[in-house]
Amino acid sequence: MAHPGGGAEAHARFKQYEYRANLSLVLTTDSRPRDTHEPTGKPESLWGKVDPKSFGDHAYRDKPPELQEKLKKSKKKKKEREPAFD
């Protein structure tokens, strides 16, 4: 007498959860639509979103203040080291 749920059926049920059987399986769900706010990876145009004249508005057009201070100090030291020719 065979056991109910045993034998080949039990082995088949066990094999369906085996790693090799699910290795390349991709599961999808239809219960929830994709979030439309996620990026799709497709390139999007910036036409009308960016003002081309505003590029570089936040960039400094001068040397950094720390660098200017160092240059002043080095020029002062250099001037002090130079012998005075009168």
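Read on for an overview of the structure. Being a predicted model, the structure only gives us computed values, none of them experimental.

## Quick look at the overall build of the chain
Here comes step 1: For the chain, the count of helices and strands is three helices and zero strands.
Here comes step 2: Taken from N to C terminus, the helices and strands of the chain fall in the order α-α-α.
Here comes step 3: By the burial criterion, 0% of the 86 residues in the chain qualify as buried.
Here comes step 4: When the accessible surface of the chain is summed, it comes to about 9,900 Å², and 57% of that surface belongs to carbon and sulfur atoms.

## A look at the environment of Asp62
Here comes step 1: With respect to the element layout, Asp62 can be found in the loop between α2 (19-22) and α3 (65-81).
Here comes step 2: At a separation of 3.4 Å, a polar atom in the side chain of Asp62 contacts the side chain of Gln68.

## Some details on a nonpolar patch on the surface
Here comes step 1: Together, Leu46, Val50 and Phe55 make up an exposed nonpolar region whose accessible area comes to about 320 Å².
Here comes step 2: Along the chain, Phe55 falls in the loop between α2 and α3.

## With respect to the pattern of salt bridges
Here comes step 1: Inspection of the entire model under this criterion finds one salt bridge.
Here comes step 2: The partner of Glu18 in a salt bridge is Lys15, and the shortest N-O contact between them spans 3.5 Å.

Scoring rules and cut-offs
Residues numbered from 1 in each chain as written. Predicted model: local features only at pLDDT ≥ 70, side-chain atom pairs only at ≥ 80, totals over all residues. Heavy atoms only, no water. Helix = DSSP H or I, 4+ residues; strand = E, 2+ residues; numbered from the N terminus. Buried < 20%, exposed > 50% of the residue type's maximum accessible area, 1.4 Å probe, protein only. Areas by Shrake-Rupley, 256 points an atom, 1.4 Å probe, with all protein chains shown as cover. Polar contact = N/O pair within 3.5 Å; in protein donor to acceptor, adjacent residues only side chain to side chain. Patch = residues over 30% accessible without salt bridge, like charges linked within 9 Å, V, L, I, M, F, W, Y side chains within 5 Å. Salt bridge = Lys/Arg side-chain N within 4 Å of Asp/Glu carboxyl O.

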